[in-house]
Amino acid sequence: MWRWVRQQLGFDPPHQSDTRTIYVANRFPQNGLYTPQKFIDNRIISSKYTVWNFVPKNLFEQFRRVANFYFLIIFLVQLMIDTPTSPITSGLPLFFVITVTAIKQGYEDWLRHNSDNEVNGAPVYVVRSGGLVKTRSKNIRVGDIVRIAKDEIFPADLVLLSSDRLDGSCHVTTASLDGETNLKTHVAVPETALLQTVANLDTLVAVIECQQPEADLYRFMGRMIITQQMEEIVRPLGPESLLLRGARLKNTKEIFGVAIYTGMETKMALNYKSKSQKRSAVEKSMNTFLIIYLVILISEAVISTILKYTWQAEEKWDEPWYNQKTEHQRNSSKILRFISDFLAFLVLYNFIIPISLYVTVEMQKFLGSFFIGWDLDLYHEESDQKAQVNTSDLNEELGQVEYLFTDKTGTLTENEMQFRECSINGMKYQEINGRLVPEGPTPDSSEGNLPYLSSLSHLNNLSHLTSSSCFRTSPENETELIKEHDLFFKAVCLCHTVQISNVQTECIGDGAWQSNLAPSQLEYYASSPDEKALVEAAARIGIVFIGNSEETMEVKTLGKLERYKLLHILEFDSDRRRMSVIVQAPSGEKLLFAKGAESSILPKCIGGEIEKTRIHVDEFALKGLRTLCIAYRKFTSKEYEEIDKRIFEARTALQQREDKLADVFQFIEKDLILLGATAVEDRLQDKVRETIEALRMAGIKVWVLTGDKHETAVSVSLSCGHFHRTMNILELINQKSDSECAEQLRQLARRITEDHVIQHGLVVDGTSLSLALREHEKLFMEVCRNCSAVLCCRMAPLQKAKVIRLIKISPEKPITLAVGDGANDVSMIQEAHVGIGIMGKEGRQAARNSDYAIARFKFLSKLLFVHGHFYYIRIATLVQYFFYKNVCFITPQFLYQFYCLFSQQTLYDSVYLTLYNICFTSLPILIYSLLEQHIDPHVLQNKPTLYRDISKNRLLCIKTFLYWTILGFSHAFIFFFGSYLLIGKDTSLLGNGQMALETHFWTWINHLVTWGSIIFYFVFSLFYGGILWPFLGSQNMYFVFIQLLSSGSAWFAIILMVVTCLFLDIIKKVFDRHLYPTSTEKAQLAETNAGIKCLDSMCCFPEGEAACASIGRMLERVIGRCSPTHISRSWSTSDPFYTNDRSILTLSTMDSSTC
């Protein structure tokens, strides 16, 4: 019964079978016996709360915090028993804290709701009732037939029914899912491929049976049962029939597909890691400190209760004449009286727990997050995008990162390939301004001075290839060099899987060739970015790939059309690391063109300039270019017949097909003639190399997690500086079994142990990683920790999250950060302590689900080294200061009990109890936590090593915490006994004085709140105690303050106690800075000595010094702080990052003449 109720309420979904049955176009059987399966709608949900669960869920999360739960208990105690203070003193601050926090978190979740609504409200076209109906994405149901046009994103997981092509094929890019930019071909079953119109689709009667949703992007099994003329035709469905949500339709005008998985059941959504509340290391430290203070509080309450009963053991103190007990009190249980007294002391001392700490931290995080969005150095002008903060709870975590995990495609790179250089028959060339220039001449060299070809344009005046051979025969004046160039670029134009846009193909046709047609007018779609770059380069040189139709590939060499029959494609695989095509030339000659990594091509070559090309390839690689070698082979008729027969037998084999194909490919790809090599640049984003190097200097380990192929990933890692050329690259790839993987890991561990000098880099693929994580986690982690850089390729989205999870739970418990730009990166972004989305070309899924979003990878340097550093310093001081000032405030209350016989009398007036944390001491620390800059941001960014000073939560360690606590107790003792011996005084002045001592960066706002809070204390006390307020029942402080300030001894006592307390801290700072200076303190001193007299952050100020310049300079060197009224700033144009620092954090008057 209970299970049924839960199912009806949606908490417990009904049991599902292993398969689902989908009726295309929702045409259900009419016999009345069929009960349709229930599927979820197509809404994507990334938010945490709903209107219905916001209040209970948010309250539950907030009361998990120690302080909130503690004050709730105290509030309930005050309601139940007679306590020295009113319940309002605990209930009102608690209500204020809970409300402010709920508003902040509700606002952030409202932003996530808006992002979801934007996606769910996207317009789509669905086939219903024989026509196309425009609706919203969230309204798509399982079974609906959806029409998708070119360049649109699939709104659900669809099974392809038909396209605008007769064969029912279409091309999609899954860059936002797996990071791969290559086009993937999908095909429809033959029976539905012919249904290319809405009217024809309306006649389709079909049922799809498939597996239930699963996260694996590359696995899908099902079948389609089509009813035609009362007969059922069964067709298998596999991954080639499935179009995934988030992928984009390319090179196809339109397709029709039936929705089989919708909403949060799509493969893209299943690869999202479930949202969890991220908590920063600072918040965990706060909870630890709160527990320690709770122990102190309970100890004080227990001690006070015991001493009270010890004192009252004497009869004269048990019931004095001025405090007679009632009859009920005399007869009550001693145990109950003890408990009641204990709770009363607990309430009396409860202000040692700083409830306002949480609300101040929330306000600091919320307001401080705006500075990231306002920082103009994090603004990208080209895309008009500024940094976004989706979760402000993790600001300080940006200053604690130890491991950084990044995607490759679109995150480190621009996802754009450019042809740079090539080697043809031992001669090295580079492309400059669309011309092929031999190595040596500069771009401004005249054409007449070029000893070799700048292009193949001179072939216009030469008769081309004769019928005997499409490559060899030529007029007598045609040189061997020209033939080599011709053959090399024809190999580039034919050995690929590039396709051309239908629109472009139609406009070119087979008519007269326009020799002035720019290659840029052709829109190529490639199986890899490298192939596209190479084909485009060949077009610029003069040999243009026109397209393919059926089994024919068309190439135009400066106007002359040639058709090559495509006989076989020997597909690329990671073992061979090459691909080949066998074509028949117009002359009838059979040719093999091969392309691949130098390690897979050069050993197969028996001719050509092998050694020279090998040297050139190494030179290209040193420049960070992606290299491929090109070779060819001719077949006689007899050789080709044998090859064709062996390929057919291998492709049709039912058993061991892959092994047989591999053997055949090895047999074919031998005795090659080397033509040359190509060098393509995967264009990196601006300043990626510098940023990665700076991250290393900061002590952050960088891991690259990508879905790309092994070769591609390694090449980019080398070009971006993730791997160095001097680094020893270790590989854990293509492991087949647990035992094989374990043995390889042990070998790698031995190699690392034996060599302590060379830096090591590790490359691991997804399959091997799965084996390593299954039973060999410790060994794998040992290898990884000893490597300077780790590259994981062929990673599924959930594997990325598992890797980060493994690092998070390792014994060191490091802080992790993940960076990505596509939907395939969402899982790792949500798993890491801090997730950053790049607002790139792969959609906005990563940015929407991240904690922070930036436009470029290079912005990480300022985000971590400046904002992260400042946020951590600020909040660490805020937390310590709150505990310090509350110890200062409440310890005199404890000491006072020794002088009032533990009668639970309060030392402070109730108004001062309430206003101490709210008005007298809260604003200075809040402003400090928003504006403090202990060192210039330019210095922080140019010296990444300063980031190490705050790593591992160093400023909130137990040593620092104990120092602040002891400091608070010592100040409290000085003030209590000083006031007792000299004159009574409150501790507000001391708290603000300590805050002034901690402040390095003084602005007019700091001056206003620091000194203003002290002035407000005096003014308030004068008004509160100087006037008889009719609405107050009693005024114990009437005229006390005025009488106090009229005494000279009171002023002397105030000054003496404040100076005594602060002087002790000053002495400690002086000794620490001279005996044990940190790197940051050394940088402060160096900055001061260099003439940068103030940490002015983001602006310039006029020259000038105060009158007490010599004393000021000494103090600045001692405590590393200064005033913005005397600043001399100059920016160096050689600074590696952000030479124009334009942040909006300017807080003082700016003199343009000195900027």
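You'll find the chain entered in an unreviewed UniProt entry as Phospholipid-transporting ATPase, with Cebus imitator given as the organism. Note on the chain: under the UniProt heading Subunit (unreviewed entry), the record states "Component of a P4-ATPase flippase complex which consists of a catalytic alpha subunit ATP11B and an accessory beta subunit TMEM30A."

Visitor: I tried to follow the overall build of the chain on my own but got confused; where do I start?
Guide: The number of helices and strands found in the chain is 39 helices and 35 strands. In the chain, 75% of the contacts between residues at least 6 apart in sequence involve partners at least 24 apart. By element, 58% of the accessible surface of the chain is carried by carbon and sulfur atoms, the whole surface being about 50,900 Å².

Visitor: Is there a simple way to explain the side chain of S717 in this structure?
Guide: Inspection of the secondary structure assignment puts S717 in helix α22 (residues 710-719). Accessibility expressed as a relative area gives 2% for S717, which makes it buried. Residues contacting S717, with those up to four places away along its chain left out, are V704, H722, F723 and L791.

Visitor: What is the right way to look at the UniProt feature "active site" (unreviewed entry) in the chain in this model?
Guide: Per the UniProt entry, the sites bearing "active site" (unreviewed entry) are D407 in this numbering. Leave out the neighbours within four places in its chain, and D407 touches L412, L705, T706, K800, V819, G820, D821, N824, D825 and M828.

Visitor: Explain the nonpolar core to me, please; I cannot follow it from the model alone.
Guide: Note that soluble globular proteins tend to have their nonpolar side chains buried in a common cluster. One finds I353, L357 and V879 to be the most contacted residues of the largest nonpolar core, which totals 57 residues. If you tally residues by element for this core, the top one is helix α29 (residues 860-896), at 16 residues. Both domains that furnish three or more residues to this core are identified here as domain 1 (39-121) and domain 3 (355-369 + 866-1081). Setting aside residues up to four positions removed in sequence, V879 forms contacts with V282, M286, F289, L357 and L956. Membership of the second largest hydrophobic core comes to 55 residues, among which are I733, V834, L863 and V1009.

Visitor: Looking at this model, I keep getting lost on helix α16 (residues 529-541). Mind explaining?
Guide: A turn of α-helix holds 3.6 residues, and therefore any two residues three or four places apart point the same way. Under the 1.5 Å per step criterion, the end-to-end length of α16 is 19 Å for 13 residues, consistent within 8% with the ideal 18 Å. What α16 keeps buried is the set D530, E531, A533, L534, V535, A537, A538, A539 and I541. Phi turns positive one or two residues past the end of α16, at G542, with a value near 135°.

Visitor: Before we go on, may I ask you to explain the UniProt feature "transmembrane region" (unreviewed entry) in the chain in this structure?
Guide: As recorded in UniProt, the sites labelled "transmembrane region" (unreviewed entry) are residues 66-81, 288-311, 342-361, 911-931, 961-983, 1004-1032 and 1038-1064. In this annotation, residues 66-81 is assigned 94% helix and 0% strand; the end-to-end C-alpha distance for the span is 23 Å. Span residues 342-361 is 70% helix and 0% strand, its end C-alpha atoms 31 Å apart.

Visitor: Even after reading the chapter, I still don't get the sheet that holds strand β32 (residues 789-793), so can you show me in this structure?
Guide: Strands belonging to one sheet form pairs held by backbone hydrogen bonds; the direction of such a pair is parallel or antiparallel. Taken together, nine strands build an open sheet; the order of strands is β14-β35-β34-β33-β15-β29-β32-β31-β30 and the sheet is mixed. Looking at the sheet topology across the chains shown, the edges are occupied by β14 (388-389) and β30 (728-732). In this sheet, strand β31 (residues 760-765) lies alongside β30 in parallel orientation, the contact comprising five bridges. Paired with I729 across the two strands is G761, which belongs to β31. Where helix α25 (residues 777-785) meets the sheet, it contacts β15 (403-406), β29 (701-705), β30, β31 and β32, and its direction lies at approximately 140° from that of β31. Running over the sheet, helix α26 (residues 797-808) touches β15, β29 and β33 (816-820) and is turned about 155° from β29.

Visitor: It is not clear to me how a nonpolar patch on the surface should be interpreted in this structure. Could you clarify?
Guide: Taken together, F898, Y899, F973, F977, Y980, L981, L982, F1052 and L1056 make up a surface patch of nonpolar side chains, about 920 Å² in accessible area. Broken down by secondary-structure element, the contributors of at least two residues to the nonpolar patch are α33 (958-981) and α37 (1048-1075). Considering each element in turn, the nonpolar patch owes the most residues, four residues, to α33. Using a relative accessible area of 31% as the deciding quantity, one classes F977 as partly exposed.

Visitor: So what exactly am I meant to see when it comes to unusual backbone geometry here?
Guide: Apart from glycine, the bulk of residues carry a negative phi angle, and the bulk of peptide bonds sit in the trans form. If you check the backbone angles, N425 has positive phi at about 50° while not being a glycine. Relative accessible area serves as the criterion here: at 27%, N425 is assigned to the partly exposed category. Even without being glycine, D671 reaches a positive phi, approximately 55°. As for its position among the elements, D671 is in the loop between α20 (657-668) and β28 (672-684).

Visitor: Any chance you could explain the confidence of the model for the chain here in plain terms?
Guide: Detailed reading of the predicted coordinates is not advisable wherever pLDDT falls low. Mean pLDDT for the chain: 76, with 78% of residues reaching 70 or above. Under a pLDDT of 50 for its full length, residues 441-478 has, in the predicted model, 68 contacts with residues more than four places off or in other chains. Of the regions scoring below 50 in pLDDT, residues 1091-1155 engages in 137 contacts with residues more than four places distant in sequence or in other chains.

Visitor: Help me understand the sheet that holds strand β2 (residues 123-128), please; the structure alone is not making it clear to me.
Guide: The six strands are arranged β3-β2-β4-β13-β5-β11 in an open sheet whose pairing can be described as antiparallel. Bordering the open sheet on either side are β3 (131-136) and β11 (242-243), each of which pairs with just one other strand. For strand β4 (residues 145-149) and strand β13 (residues 254-261), the ladder comprises five bridges, and the chain directions are antiparallel. Within β13, the residue paired with I145 across the bridge is V258.

Visitor: What exactly am I supposed to notice about the environment of W110 here?
Guide: Locating W110 in the fold gives a position in helix α4 (residues 88-120). Classification of W110 by relative accessible area gives partly exposed; the value is 48%. A sequence separation of 62 residues divides W110 from K48, and the C-alpha atoms of the two residues are 9.5 Å apart.

Visitor: Can you help me understand the packing of helix α9 (residues 281-311) against α29 in this one?
Guide: Direction vectors running N to C along α9 and α29 enclose 5°, while the axes themselves pass 12 Å from each other. Considered as vectors, α9 and α29 are oriented roughly parallel to each other. On α29, the residues that touch V282, M286, F289, L290, Y293, E300, I303 and S304 of α9 are Y872, I875, V879, Q880, F883, V887 and F894. Looking at side-chain class alone, the contact of α9 with α29 contains twelve nonpolar, two polar and one charged residues.

Visitor: Quick question: what am I supposed to make of the state of the cysteines here?
Guide: One way to say it: the disulfide is the covalent bond shared by the sulfur atoms of two cysteines. Going through the model one piece at a time under the given rule, you end up with zero disulfides. Just so you know, C784 is unpaired, no disulfide at all, and the nearest cysteine sulfur is the one on C787, 6.4 Å from it. Using a relative accessible area of 2% as the deciding quantity, one classes C784 as buried. Its sulfur unpaired, C888 is 7.2 Å from the next cysteine sulfur, which belongs to C1061. C888 gets classed as buried once you look at its relative accessible area, which sits at 3%.

Visitor: Even after reading the chapter, I still don't get the pairing of β2, so can you show me in this structure?
Guide: In the case of a regular strand, side chains alternate between the two sheet surfaces. Sheet topology note: the β2/β3 ladder contains six bridges and is antiparallel. Residue pairing across strands places V124 opposite T135, the latter belonging to β3. As paired elements, β2 and β4 share three bridges and run antiparallel to each other. Paired with V127 across the strands is I145, a residue of β4.

Visitor: What exactly am I supposed to notice about helix α3 (residues 66-80) here?
Guide: An ideal rise of 1.5 Å per residue puts 21 Å on 15 residues; α3 measures up with 21 Å between its terminal C-alpha atoms. Considered for burial, the residues of α3 that qualify are A67, N68, Y70, F71, I74, V77 and Q78.

Visitor: For this particular structure, what's the right way to read the pattern of salt bridges?
Guide: Once the charged atoms of two side chains with opposite charge are near each other, the side chains can pair. Applying the stated rule across the entire model yields 37 salt bridges. Note that D486 and K490 form a salt bridge whose closest N and O atoms lie 3.7 Å from each other. Linking D486 with K490, this pair stays in helix α14 (residues 480-494), spanning four residues, or about one helical turn. There is no split in this pair, since D486 and K490 are both buried. When the shortest N-O distance is used, the salt bridge between R785 and E812 registers 4.0 Å. One end of the pair, R785, is in helix α25; the other, E812, is in the loop between α26 and β33, and 27 residues separate them in sequence. Given the relative accessible area of 30%, R785 is considered partly exposed. E812 gets classed as partly exposed once you look at its relative accessible area, which sits at 45%.

What counts as what
Residues numbered from 1 in each chain as written. Predicted model: local features only at pLDDT ≥ 70, side-chain atom pairs only at ≥ 80, totals over all residues. Heavy atoms only, no water. UniProt positions renumbered as here; feature names shortened; annotations may be inferred. Helix = DSSP H or I, 4+ residues; strand = E, 2+ residues; numbered from the N terminus. Contact = heavy atoms within 4.5 Å. Areas by Shrake-Rupley, 256 points an atom, 1.4 Å probe, with all protein chains shown as cover. Buried < 20%, exposed > 50% of the residue type's maximum accessible area, 1.4 Å probe, protein only. Core = buried A, V, L, I, M, F, W, Y, C linked by side-chain atoms within 4.5 Å. Domains from an automatic or database assignment. Expected span 1.5 Å × (residues − 1). Pairing = 2+ DSSP bridges. Axes fitted to C-alpha atoms, helices over the stretch in contact; angles between N-to-C directions. Patch = residues over 30% accessible without salt bridge, like charges linked within 9 Å, V, L, I, M, F, W, Y side chains within 5 Å. Salt bridge = Lys/Arg side-chain N within 4 Å of Asp/Glu carboxyl O. pLDDT = per-residue confidence, 0-100. Parallel < 35°, antiparallel > 145°, perpendicular 65-115°, else oblique. Nonpolar A, V, L, I, M, F, W, Y, C, P; charged D, E, K, R; others polar. Disulfide = S-S within 2.5 Å.

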